[in-house]
Amino acid sequence: MFSRFRKDGNAPASGRPAAPAAAAPAAAARPQVAMPRAVPAPAAGRPAAEAVSADKEKKRKGRLTELKLEIHKRLLENLNLSALEHATEASLKQEISSLASETLDELSVALNKDDRSTLVQELYDEVMGLGPLEPLLKDETINDILVNGPHRVFVERAGKLQLTDVTFRDERHLMRIIDKIVSAVGRRVDESNPYCDARLADGSRFNCMVPPVAVDGSLVSIRKFKKEKLKIEDLVRFGAFTEEIAAYLQAAVSTRLNIIVSGGTGSGKTTTLNALSSFIDNSERVLTIEDTAELQLQQMHVGRMESRPANVEGKGAVTQRDCLRNALRMRPDRIIVGETRGEEVIDMLQAMNTGHDGSMTTIHANNPRDGISRLENMVAMAGIEMPLKAVRSQIASAVNLIVQASRLQDGSRRMVSVTEITGMEGEVISMQEVFRYERLGVEPSGKIIGRFNATGIRSAYSERFRQWGFDLPPQIYEPIV
Ligand SMILES: Nc1ncnc2c1ncn2[C@@H]1O[C@H](COP(=O)(O)OP(=O)(O)OP(=O)(O)O)[C@@H](O)[C@H]1O
Ligand SMILES: [Mg+2]
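Cut-offs used in this document
- Residues numbered from 1 in each chain as written.
- Chains lettered and ligands numbered in written order.
- Predicted model: local features only at pLDDT ≥ 70, side-chain atom pairs only at ≥ 80, totals over all residues.
- Near = placed C-beta within 6 Å.
- Helix = DSSP H or I, 4+ residues; strand = E, 2+ residues; numbered from the N terminus.
- Nonpolar A, V, L, I, M, F, W, Y, C, P; charged D, E, K, R; others polar.
- Domains from an automatic or database assignment.
- Pairing = 2+ DSSP bridges.
- Axes fitted to C-alpha atoms, helices over the stretch in contact; angles between N-to-C directions.
- Contact = placed C-beta atoms within 7 Å.
- Expected span 1.5 Å × (residues − 1).
- Buried ≥ 20, exposed ≤ 12 C-beta atoms within 10 Å, placed from the backbone.
- Parallel < 35°, antiparallel > 145°, perpendicular 65-115°, else oblique.
- Left-handed = near helix turned anticlockwise from the far one by under 90°.
- Arc of directions from axis to C-beta.
- pLDDT = per-residue confidence, 0-100.

A. Fine view of the site of ligand 1. Lining the immediate environment of ligand 1, one finds 16 residues, of which Asn143, Gly268, Lys269, Thr270 and Thr271 sit closest. Top contributing element to the shell around ligand 1 by residue count: helix H9 (residues 269-277), with three residues. Partitioning the shell around ligand 1 into residue classes produces four nonpolar, eight polar and four charged. Looking at the shell around ligand 1, you find at least three residues from each of domain 2 (129-226) and domain 3 (232-477).

B. Looking closely at the sheet that holds strand S3 (residues 160-163). Sheet architecture is open: six strands sit in the order S3-S2-S1-S6-S5-S4, paired in antiparallel fashion. With partners counted over all chains shown, the strands left at the sheet margins are S3 and strand S4 (195-199), one partner each. Going across the sheet, the axis of each strand differs from the next one's by a mean of 15°, ignoring polarity. Examined bridge by bridge, S4 and strand S5 (residues 205-209) share five bridges and lie antiparallel to one another. Looking across to S5, one finds that Arg199 is bridged to Arg205. Packed onto the sheet, helix H6 (residues 171-184) meets strand S1 (142-148), S4, S5 and strand S6 (219-223) and runs at close to 55° relative to S4.

C. The arrangement of the sheet that holds strand S14 (residues 428-442) in detail. The sheet built from nine strands is open, its strands ordered S9-S8-S10-S11-S7-S12-S13-S14-S15 with mixed pairing. Two strands bound the open sheet, and with one partner strand each, they are strand S9 (302-306) and strand S15 (448-454). Each strand of the sheet is rotated relative to its neighbour by a mean of 25°, with strand direction disregarded. In terms of strand pairing, strand S7 (residues 259-263) meets strand S12 (residues 401-407) through five bridges, oriented parallel. Considered in S12, the bridge of Ser262 is made with Gln404. Sheet strands touched by helix H8 (residues 243-254): S7, S12, strand S13 (413-425), S14 and S15. Its angle to S13, the strand with the most contacts, is close to 45°. Contacts from helix H12 (residues 368-381) reach S7, strand S11 (360-364), S12, S13 and S14 within the one sheet, and its direction differs from that of S11 by about 95°.

D. Inspection of H8 at higher detail. The end-to-end C-alpha separation of H8 is 16 Å, in line with the 16 Å expected for twelve residues at 1.5 Å each. Residue Arg256 follows H8 closely and has a positive phi angle near 65°.

E. Just unusual backbone geometry, in detail. In the segment running from Pro211 into Pro212, the intervening peptide bond is cis, with an omega of 5°. Here Pro212 is to be found in the loop between S5 and S6.

F. Focus on the environment of Gly342. Inspection of the secondary structure assignment puts Gly342 in the loop between strand S10 (334-337) and helix H11 (344-353). For Gly342, a count of 14 C-beta atoms within 10 Å puts it in the partly exposed group.

G. Region of the structure containing the pairing of S1. Across five bridges, S1 lies against strand S2 (residues 153-157) in antiparallel orientation. Directly across from Asp144, in S2, lies its bridge partner Glu156. Between the antiparallel neighbours S1 and S2 lie four residues, among them Gly149 with a positive phi of about 75°. Of the pairings in the sheet, the one linking S1 to S6 comprises five bridges and is antiparallel in character. The partner of Asp144 across the bridge, within S6, is Arg223.

H. Inspection of the packing of helix H3 (residues 89-106) against helix H4 (residues 113-128) at higher detail. Relative to each other, H3 and H4 sit at 120°, their axes nearing to 9 Å. Here H3 lies oblique to H4, going by the angle between them. The chirality of how H3 crosses H4 is right-handed. Contacts between H3 and H4 involve Leu92, Lys93, Ile96, Ser97 and Ala100 from the former and Leu119, Val120, Leu123, Tyr124 and Met128 from the latter. Classifying every residue of the contact of H3 with H4 gives eight nonpolar, one polar and one charged.

I. Structural view of H4. Between its first and last C-alpha, H4 extends 22 Å over 16 residues, near the 22 Å set by a 1.5 Å rise per residue. All of the buried residues along H4 are Leu119, Val120, Glu122, Leu123 and Glu126. For H4, the arc enclosing every buried residue in end-on projection is 165°, short of the 170-degree limit, so these residues lie on one face. Those residues of H4 that are exposed and aimed more than 90 degrees away from the buried face are Lys113 and Asp114.

J. Focus on the confidence of the model for the protein chain. For the protein chain, mean pLDDT is 86; residues scoring 70 or higher make up 89% of the total. Ignoring residues within four places in sequence, the model shows residues 1-6, a span with pLDDT below 50, making 22 contacts including any to other chains.

Encoded structure:
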């Protein structure tokens, strides 16, 4: 049955195909796979023992890599690649395993069961998946995968970056995996087109930058797609904000305030936006616009749009602004823009000002005041010649609320500020912070000690909340002293 995948289509009964000359080099020309000798037990104490075992592990890995390389070469020579599309995982693994056995026999290498199954899995990942990235993609505890050239692969777990022992053989190997990803979405990267955004088959967000612009080897960043997005309850449980703040946010979303989630990179903006969207009523028609579709709204009536870059001839681009303009003709009750980062800001502000209240977006900024400046800059960069005061009054009347997400030094992600925009005072946009996260100290382990607190300022929208049936108890605005 494995023979389906062999190029010749009929493997001999022994299961050992008559390999082409190149794939079965004469004994003399066989690649030499160094077998580590039994390591003598060190006479010295523990550190020496540890060094020996680390050395042993390194040698073992090196040996597996060499074997993998050889078997992979033979697989590519022997497999009928077009038959792979219809292969089941089990049958392909069996095929790989049989080819591995042949190669191991030929090279007189004995592997234990664990090493053999690691080898088969890695080869399977190499042929069918994204090679060394596969185990990281499967690991649910990882949020981001960051590749800095072939020999340094980092991951982010619980808000902290860690170096992994995953490596690519060399830059060519890394490039091959990158090509596999970008060609699947009809794109190409090379010297003249050195970077690309894409989406992996599982929905993960992918970006790469290749040499010579990436100086020390290709750079890859993957934001893993989470099937189960964090819900409001999860965020409360993880300490991103409190139940009181959640009640306030529910009132804000339900009463159709225009909300901006502001935050630094990877601070949890999209996650917060997604969780906030759960407060939208099921009867509303929501349109979402993103550069890479990440949001997963639970409502029944959702229209999702994803912008598209230009093709290799520089044609066919559909920007977020194009989507947004079109969305306005699609009778939306609410518009959600994944991240406002350019000229679409104009249409977003206009939409917020002209009846599409309850719209939401995120921006990249380190505090609410910076968030406003970012909006002003984006308007200016979009080429709109408007006096600053006019721009500010547009912003002040469009945006009702800014929630600031932040990733703190200890890796925790928290909503550090909930700030309302209350209007204009002269030339300046006036704001009031209603809730904030107060840092009280740091534990010896580096964990930040802090608490959420009200500032004592009652929401400017309390009356609106009340009229819409969200009677928040006045105590939630009272600070703990
Ligand atoms: N409060 C939280 N607790 C734990 N994990 C979180 C929290 N908020 C977000 N995350 C996780 O952190 C990662 C980054 O979150 P998210 O994509 O929302 O960030 P972002 O600010 O939108 O990033 P980017 O700037 O890259 O768009 C995700 O994997 C998400 O699941
Ligand atoms: Mg995001």
